[in-house]
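Coordinates in review
For reference, the chains in residue letters:
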Amino acid sequence: MEKTFDAVIIANGAFPTHAVPLDILHHAAHLIACDGAIAPLLLEGLGEAVIIGDGDSVPAEFRDRLIQIDEQDDNDQTKATRYCVEHGWKRIAYLGSTGKREDHTLGNISLLMRYYREWGVEGTMFTDYGFFTPAYGNRTFNTMKGQQISVFNFGCHLLTSEGLRWDAYNFSEWWQGTLNEALGDTFSIHADGYYLVYQTYEAK
């Protein structure tokens, strides 16, 4: 699991409590808060973050530090990602992108694939339970025996695996790739397109 990134984006979802995302947060080379996410950062002693968004939930005392982007085609997570890409930061950790509203959670997770496809962002989204990684083609992932794995197909016609309890295939529905398990220290995916991998922090 990668823990060193060019930048960390903290969205205004559920603030992380697990040690892994909190460690990443406190060691951020560049920290970007999506709008109201600046408030919980203050409690962590990280109030110097850049703030990006439309400003609708930024406390008044921080508005002078807000980079306000009013267009509504993209959400604040995407605006923050674009800011990072413009600064050459493409290895990005995403925190606080899940929790609270379920539609925001699904949207933010799926956006990882857009950033990867369109902007070449090597993003990883961390939650309190595990992490999501977008990928393309053939790739081997570090893991541990018993780690819980899910694979979500984003258009592959060929999708197979090695090192998982149940062989992957070109899933047509997202649920079909969930609830798999690693058999050893690595697993490999062989694919002709894009897919998203979820790994838990702890083994079962």
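What counts and how
- Residues numbered from 1 in each chain as written.
- Predicted model: local features only at pLDDT ≥ 70, side-chain atom pairs only at ≥ 80, totals over all residues.
- Heavy atoms only, no water.
- Helix = DSSP H or I, 4+ residues; strand = E, 2+ residues; numbered from the N terminus.
- Rg over C-alpha atoms; globule rule 2.2 N^0.38 Å.
- Buried < 20%, exposed > 50% of the residue type's maximum accessible area, 1.4 Å probe, protein only.
- Contact = heavy atoms within 4.5 Å.
- Lys, Arg positive; Asp, Glu negative; His and termini not counted.
- Charge placed at Lys NZ, Arg CZ, Asp CG, Glu CD.
- Salt bridge = Lys/Arg side-chain N within 4 Å of Asp/Glu carboxyl O.
- Pairing = 2+ DSSP bridges.
- Axes fitted to C-alpha atoms, helices over the stretch in contact; angles between N-to-C directions.
- Core = buried A, V, L, I, M, F, W, Y, C linked by side-chain atoms within 4.5 Å.

Right, let's get into the overall build of the chain. Summing up its helical and strand segments, the chain has four helices and 13 strands in all. Radius of gyration (C-alpha) of the chain: 17 Å, near the 17 Å computed for a compact globule of 204 residues. Seen through its C-alpha atoms, the chain measures out along the principal axes to roughly 55 × 30 × 30 Å. Taking all 204 residues of the chain together, the buried fraction comes to 51%. Taking as baseline every contact in the chain between residues at least 6 positions apart, the subset at least 24 positions apart corresponds to 63%. Positive and negative charge centroids in the chain, built from 15 and 28 side chains respectively, lie 3 Å apart.

Below, the discussion takes up the pattern of salt bridges. Under the definition given, this model contains six salt bridges. Across the salt bridge formed by Arg114 and Glu118, the nearest N and O atoms sit 3.3 Å from each other. In this pair, Arg114 and Glu118 both sit in helix α4 (residues 102-119), four residues apart, roughly one turn of the helix. Given a relative accessible area of 25%, Arg114 falls into the partly exposed group.

Spatial strand order, β8-β12-β10: three strands in an open sheet with antiparallel pairing. Of all strands in the sheet, those with a lone pairing partner are β8 (139-142) and β10 (159-162), marking the two edges. Here the strands of the sheet are splayed against their neighbours by 20 degrees on average, with no regard to which way each runs. One ladder, built from four bridges, connects β8 with strand β12 (residues 186-191); its direction is antiparallel. Bridging from a neighbouring strand, Phe141 pairs with Phe187 of β12.

Moving on, we come to unusual backbone geometry. The backbone of Lys100 shows a phi angle near 60 degrees, a positive value even though the residue is not glycine. Of note, Lys100 is situated in the loop between β5 (91-95) and α4. One non-glycine residue, Leu179, lies in the positive phi region at around 65 degrees. Positionally, Leu179 belongs in the loop between β10 and β11 (180-181).

One broad trend across soluble globular proteins is that nonpolar side chains are buried collectively. Of all hydrophobic cores here, the largest spans 25 residues; its most connected members are Ile9, Ile32, Cys84, Tyr94, Phe132 and Leu196. Mapped by element, the contributors of at least two residues to this core are β1 (7-10), β2 (31-34), α3 (76-86), β5, α4, β9 (147-154) and β13 (194-203). Broken down by element, this core gets its largest block of residues, six residues, from α4. With residues near it in sequence (within four places) discarded, Ile9 still touches Ile32, Cys34, Gln77, Ala80, Thr81, Cys84, Ile92, Ala93, Tyr94 and Leu95. Listed in part, the 23 residues of the second largest apolar core include Phe5, Ile10, Leu25 and Val58.

Keep in mind these numbers describe shape, not what the thing actually does.
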